[in-house]
Amino acid sequence: MSSQRSYRHRAFAFPLLGAAYVAIALVPPPAGSLENFPFFNWTLFSQTSDEKSDVIALVHAINGEELSEPVSFYDLPEEFAAARARDALFMKLMDQFALAIDRGDEAKIRAFRGLVEEHFMRDAAHVDYEVALVRYHPFERYRQGKLRSVEVFARYTKG
């Protein structure tokens, strides 16, 4: 007798759950949302950006030796101890440096340039570098080292 009751409960529960799911689908989503998330999440990852951007130091020459092409500071760990450490402070500093250049704030430009050259680039006496904004797709950059665009803010020479 109990198995028949269990069967009737299941036979009644599944159509009831299906009807509830359809009813929720017909209700408009909340304001500002494209979907009723717990029930319909088709656009969960379709709204993410595929392009990233970073302000970096592009190095052209070290101690008078020209590089074959400009190289990101972080891609020169043999030349700079700070590049081996991958200090997040350098990334934040470069963001502020680019902002100061964009605003034309000479006092901040001198201060940031001094920090970059005296602290992060202290391992080389002469460095020719640019402050640049690079745009890239993370997979393309990881697999091929490919950048989508490079926007140079300024070029400096240490030493």
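Owing to the predicted nature of the structure, the values given are computational and were not obtained by experimental measurement.

Trainee: What am I meant to see in unusual backbone geometry here?
Mentor: Glycine aside, residues mostly have negative phi angles, and peptide bonds mostly take the trans form. Even without a glycine there, the phi angle at Asn63 is positive, about 50°. On the accessibility criterion, Asn63 (44% relative accessible area) is partly exposed. Its identity as a non-glycine residue notwithstanding, Arg86 has a phi of 50°, on the positive side. Relative to the helices and strands, Arg86 is located in the loop between helix H2 (81-85) and helix H3 (88-103). Judged by relative accessible area, Arg86 falls into the partly exposed class, the value being 48%.

Trainee: Any chance you could explain the environment of Ala57 here in plain terms?
Mentor: Along the polypeptide, Ala57 turns up in strand E1 (residues 52-62). Judged by relative accessible area, Ala57 falls into the buried class, the value being 1%. Each C-alpha atom of the pair Ala57 and Met91 lies 9.4 Å from the other, and the pair is 34 residues apart in sequence. Among all residues touching Ala57, those that are not within four sequence positions of it are Val71, Ser72, Phe73, Phe90, Met94, Met121, Tyr129 and Glu130.

What counts and what doesn't
Residues numbered from 1 in each chain as written. Predicted model: local features only at pLDDT ≥ 70, side-chain atom pairs only at ≥ 80, totals over all residues. Heavy atoms only, no water. Buried < 20%, exposed > 50% of the residue type's maximum accessible area, 1.4 Å probe, protein only. Helix = DSSP H or I, 4+ residues; strand = E, 2+ residues; numbered from the N terminus. Contact = heavy atoms within 4.5 Å.

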